[in-house]
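# Structure at a glance
Given next are the chains, with one letter for each unit.
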Amino acid sequence: MADLYQKALESERRSLWAECRLKGLAKDTPAHIRIAELDRLLAQHKTKKVGTSDAPGSGAKTP
């Protein structure tokens, strides 16, 4: 199943990163700050996802 929240965060991060590269923005700009926040949100989301992978109904087989 597609994880739409993760895809949305990654898409926003890619577009901001491309904008920063094209414009040559400094590291302390709001766009770079948002990229750092998106990185944090993605990391939190991935840890939540890993923690729930053994939940019943997640497709994990039990012996």
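Notes on the structure in this doc start here.

Reading guide: rules and limits
- Residues numbered from 1 in each chain as written.
- Predicted model: local features only at pLDDT ≥ 70, side-chain atom pairs only at ≥ 80, totals over all residues.
- Heavy atoms only, no water.
- Helix = DSSP H or I, 4+ residues; strand = E, 2+ residues; numbered from the N terminus.
- Expected span 1.5 Å × (residues − 1).
- Buried < 20%, exposed > 50% of the residue type's maximum accessible area, 1.4 Å probe, protein only.
- Contact = heavy atoms within 4.5 Å.
- Arc of directions from axis to C-beta.

### A look at helix α2 (residues 30–51)
Compared with the 32 Å implied by 1.5 Å per residue over 22 residues, the 32 Å span of α2 between its first and last C-alpha is a close match. Taken together, the buried positions of α2 are occupied by A31, H32, I35, L38, L41, L42 and H45. Here the buried face of α2 lies against α1 (4–23).

### Some words on α1
For the α-helix, the turn length of 3.6 residues means that residues three or four positions removed from each other point alike. The first and last C-alpha atoms of α1 sit 29 Å apart over 20 residues, in line with the 28 Å expected at 1.5 Å per residue. Residues Q6, L9, L16 and C20 constitute the buried set of α1. The buried residues of α1 occupy one face: seen down the axis, they fall within an arc of 105 degrees. Along α1, exposed side chains directed more than 90 degrees from the buried face belong to L4, K7, R14, R21 and L22. The elements touched by buried residues of α1 are α2. Backbone geometry just downstream of α1 places G24 in the positive-phi region, at approximately 65 degrees.

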